[in-house]
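# Per-entry structural report
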Amino acid sequence: LQMLTITQPGAGTVKFERAFEEVTVKADSAGDAPKSQPAAQGESESDEEMAQPETKLVPGPWRLLGHDAFETDALNSLVRAITPIRADGWIDAKRPDDQTAHKLVIAIHNGEPITLLVDFESNGTTVTGIDVPFKATSSLISAIDAEMRDRAVLSFDGDDVKSITITHDGQAITIVK
């Protein structure tokens, strides 16, 4: 996955993206290198000569466009729910309305974008290329509806707390580390 765009009616649109980087890796001699033809009788090739470096595309970290931080657990749940997209069953329902349904656009590296429309009221779901609505899994519904923006109001490490003071009805109690 390279990009995810989530449109939640009444809540707006969030867009995640990540870049892919070319990384050259040297295949080890334990069998990751492509097999070459056996050496002729009397010849031998060293493991180093047989192991050819190869270039792989490696996905970088996700970024939520327009925000410095996001709820990584919510994004990870969504990615797990859509890889692969599963149906709980095929249903006889009308196609979700593009204006009122939750919309998820999935961009796959070197592929055409896939659009998923989910009507939360009827649970009718469609995906690009499949005209028949299906019932989305509960994990997919929950993942699409999750808050993706960072919800931390104050961000600090618990080990940095020196004291906590609780005040109620004019009475205060302080806990000191």
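Here's what I pulled together on the structure shown here.

Criteria and thresholds
Residues numbered from 1 in each chain as written. Predicted model: local features only at pLDDT ≥ 70, side-chain atom pairs only at ≥ 80, totals over all residues. Heavy atoms only, no water. Helix = DSSP H or I, 4+ residues; strand = E, 2+ residues; numbered from the N terminus. Contact = heavy atoms within 4.5 Å. Areas by Shrake-Rupley, 256 points an atom, 1.4 Å probe, with all protein chains shown as cover. Pairing = 2+ DSSP bridges. Buried < 20%, exposed > 50% of the residue type's maximum accessible area, 1.4 Å probe, protein only. Axes fitted to C-alpha atoms, helices over the stretch in contact; angles between N-to-C directions. Patch = residues over 30% accessible without salt bridge, like charges linked within 9 Å, V, L, I, M, F, W, Y side chains within 5 Å. Salt bridge = Lys/Arg side-chain N within 4 Å of Asp/Glu carboxyl O. Phe/Tyr/Trp six-rings, centres within 6.5 Å; stacked < 30°, edge-to-face > 60°. Core = buried A, V, L, I, M, F, W, Y, C linked by side-chain atoms within 4.5 Å.

## Here's the deal with the overall build of the protein chain
- Check the secondary structure of the protein chain and you find 3 helices and 12 strands.
- In the protein chain, the proportion of contacts linking residues at least 24 apart, taken out of those at least 6 apart, comes to 59%.
- Surface summary for the protein chain: the accessible area is close to 12,400 Å², and the carbon and sulfur share equals 49%.

## Some words on the pairing of strand β7 (residues 102–107)
- Where strand β1 (residues 3–8) and β7 come together, 5 bridges link them in antiparallel fashion. Bridge assignment links T5 to a residue of β7, and that residue is V105.
- As paired elements, β7 and strand β8 (residues 114–118) share 5 bridges and run antiparallel to each other. By the bridge assignment for β8, V105 is matched with T115.
- Between β7 and β8, which pair antiparallel and follow one another directly, the connecting turn spans 6 residues, one of which, N110, has a positive phi of 60°.

## Some points on the pairing of strand β3 (residues 20–26)
- Along β3, only 0 of the 7 residues are buried, which leaves the element largely exposed.
- Alignment of β3 against strand β4 (residues 53–59), held across 7 bridges, turns out to be antiparallel. In the strand pairing of β4, V25 is matched with E54.

## Things to note about the sheet that holds strand β10 (residues 130–136)
- In spatial order, the strands read β5-β2-β1-β7-β8-β9-β10-β6; together these 8 strands make up an open sheet with antiparallel pairing. Looking along the sheet, the strands with just one partner apiece sit at the ends: β5 (63–64) and β6 (87–90).
- Each of β1, β2 (12–17) and β7 touches helix α2 (residues 72–82); the most contacted strand, β1, lies at about 100° to it.
- Contacting β1, β6, β7, β8 and β10, helix α3 (residues 138–145) crosses the sheet at an angle of about 100° to β8.

## Description of a nonpolar patch on the surface
- Taken together, the side chains of I164, I166, I173 and I175 make up a nonpolar region of the molecular surface, amounting to roughly 380 Å² of accessible area.
- Elements with a contribution of two residues or more to the nonpolar patch: β11 (163–168) and β12 (171–176).
- When you line up the elements, I173 lands in strand β12.

## Observations concerning the packing of aromatic side chains
- Under the counting rule described, the total for this entry stands at 2 aromatic pairs.
- Ring geometry for W90 against F134: centres 5.7 Å apart, planes inclined by 75°, an arrangement best described as edge-to-face. Separated by 44 residues along the polypeptide, W90 in strand β6 and F134 in strand β10 bring together distant segments of the chain.
- Residue class for F134 comes out buried when judged on its relative accessible area of 3%.

## Considering the nonpolar core
- Membership of the largest hydrophobic core comes to 25 residues, with the highest contact counts inside it found for L4, F16, L78 and L104.
- For this core, the elements supplying multiple residues, two or more each, are β1, β2, α2, β7, β8, β10 and α3.
- Ranked by residues supplied to this core, first place goes to α2 with 5 residues.
- Excluding residues within four positions of it along the chain, L104 makes contact with L4, T5, I6, L78, I82, I114, T115, L116 and I144.

## Structural notes on the pattern of salt bridges
- Counted according to the given criterion, the structure contains 2 salt bridges.
- With its nearest N and O atoms 2.5 Å apart, the salt bridge here joins E17 to R63. Linking E17 in strand β2 with R63 in strand β5, this pair joins segments that are 46 residues apart in sequence.
- Under the relative-accessibility criterion, E17 is labelled partly exposed at 25%.
- Owing to a relative accessible area of 47%, R63 belongs among the partly exposed residues under this scheme.
- One salt bridge in this structure joins K103 and D98, with 3.8 Å as the shortest N-O distance.
- Looking at K103, the relative accessible area reads 25%, which means it is partly exposed.

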